[in-house]
Amino acid sequence: MSDSVEGITAKSLAFEYPGRVVWQELSFTLTPGSLAAVRGESGSGKTTLLQCLGSLEQSTTGGLCVFGQDVGALRGAALREFRRNCVGFVFQNAGLVASWSVRKNVEVGGYRVKDDPERAREVFEGFGLPFDLLDIPAHRLSGGEQQRVGIIRLALRRPPLMLLDEPTAALDDENSQRVTNFLRGHCRSGGIALVATHDARVVEHVTDDISLSPVHCGKAENPQRDTGDSQSCDGPTESGTYQESLMPRSN
Ligand SMILES: Nc1ncnc2c1ncn2[C@@H]1O[C@H](COP(=O)(O)OP(=O)(O)OP(=O)(O)O)[C@@H](O)[C@H]1O
């Protein structure tokens, strides 16, 4: 199986809202193990790029291949399966529903705490939060605690592709370190993580850098990994078609 089937290939991607080009000519390749920073000034389209990678938005033109799947072409059951098994988000400001309990928030997406409460306890404690927070409403948590619950939700599911939008913005050094340790561990075990961030505490650990330029024209910078010879989702692979070699990993 080639790297491009196991990883991510973006070729000449562009995204525009009516009358507004967010980025264009954006190309990059990420292989399993990549921990990538997505950087650019406010409004340069970092969140939009994460949303495209996670199939919540669709690029206007170009090719985006994630784990051998043409993300823009996914529909129906295949799209639901991609979202359920392949990808997970930490949204800006944690993305919790304030009136829901912490438990209900972490169970969004199908994970059930009661299926393995010991593991859930370990994950909570690993991010410095007591397990008995589970049954209190999210709005009673501090901003940093909410941010960690958003990351715990991702850690409990462990999707192979993790997309995080400013995940350490509200965190002190100790908790920021917990998050980077978690992401590095995920990538060491073959996962991929993209983090929209300018936080130097995270950036010092990344393996790849995707820069979105201030003139709304994207340029990927990952010289160590973008070999330029990866295949697009349209082309055949060594083992046949991309459709024959779909990767969804069961973590
Ligand atoms: N639904 C929409 N319709 C039109 N324009 C939009 C829409 N959503 C976002 N935009 C615009 O797209 C651009 C990129 O937004 P995006 O949130 O991806 O940027 P960002 O780099 O993540 O910004 P920030 O760092 O401030 O979070 C912004 O100019 C934004 O105003």
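Residues numbered from 1 in each chain as written. Predicted model: local features only at pLDDT ≥ 70, side-chain atom pairs only at ≥ 80, totals over all residues.

Undergrad: Can you tell me about the confidence of the model for the protein, naming the residues and giving the values?
TA: Residues of the protein with pLDDT of at least 70 account for 83%, and the chain-wide mean is 85. Low pLDDT (under 50) marks residues 215-232, which in the prediction has 46 contacts with non-local residues, meaning those over four places away or in another chain. Contacts from residues 234-251, a stretch scored under 50 in pLDDT, to residues over four places away or in other chains number 34 contacts. The ipTM, which scores confidence in the relative placement of chains, is 0.97 for this predicted complex, and the corresponding pTM is 0.85. (pLDDT = per-residue confidence, 0-100. Contact = placed C-beta atoms within 7 Å.)

Undergrad: Give a detailed account of the domain arrangement of the protein, specifying residues and quantitative values.
TA: Its domain assignment divides the protein into domain 1 (1-86 + 159-173 + 186-251) and domain 2 (97-157). Opposite the seven residues of domain 1 that make contact, domain 2 presents seven residues. Classifying every residue of the side of domain 1 that touches domain 2 by side-chain character gives five nonpolar, no polar and two charged. (Domains from an automatic or database assignment. Nonpolar A, V, L, I, M, F, W, Y, C, P; charged D, E, K, R; others polar.)

Undergrad: Describe unusual backbone geometry, listing the residues and the values that go with them.
TA: A negative phi angle characterises most non-glycine residues, just as the trans form characterises most peptide bonds. The backbone of Phe67 shows a phi angle near 50°, a positive value even though the residue is not glycine. Tracing the sequence through the fold places Phe67 in the loop between strand E4 (61-66) and strand E5 (69-70). The class for Phe67 is buried, based on 24 C-beta atoms found within 10 Å. (Helix = DSSP H or I, 4+ residues; strand = E, 2+ residues; numbered from the N terminus. Buried ≥ 20, exposed ≤ 12 C-beta atoms within 10 Å, placed from the backbone.)

Undergrad: Give a detailed account of the site of the ligand, specifying residues and quantitative values.
TA: Residues in close proximity to the ligand include Tyr17, Arg20, Val22, Gly40, Ser42, Gly43, Ser44, Gly45, Lys46, Thr47 and Thr48, which together make up its full environment. At the level of elements, strand E2 (20-30) and helix H2 (46-53) are the ones that each hand at least two residues to the shell around the ligand. For the shell around the ligand, the element with the highest residue contribution is H2, accounting for three residues. Class assignment for the residues of the shell around the ligand results in two nonpolar, seven polar and two charged. (Near = placed C-beta within 6 Å.)

Undergrad: Mind laying out the environment of Pro18, listing which residues take part and the relevant values?
TA: Inspection of the secondary structure puts Pro18 in the loop between strand E1 (8-17) and E2. By C-beta crowding, Pro18 is classed as exposed, having 4 other C-beta atoms within 10 Å. Residues Pro18 and Gly190 lie 172 residues apart in sequence; the distance between their C-alpha atoms is 38 Å.

Undergrad: Could you give me a rundown of the environment of Arg103, with the residues and numbers involved?
TA: With respect to the secondary-structure elements, Arg103 resides in helix H4 (residues 102-106). Taking the C-alpha atoms as reference points, Arg103 and Leu134, 31 residues apart in sequence, are found 4.8 Å from one another. Those residues in contact with Arg103 that sit more than four places away from it in its chain are Val113, Leu134 and Asp135.

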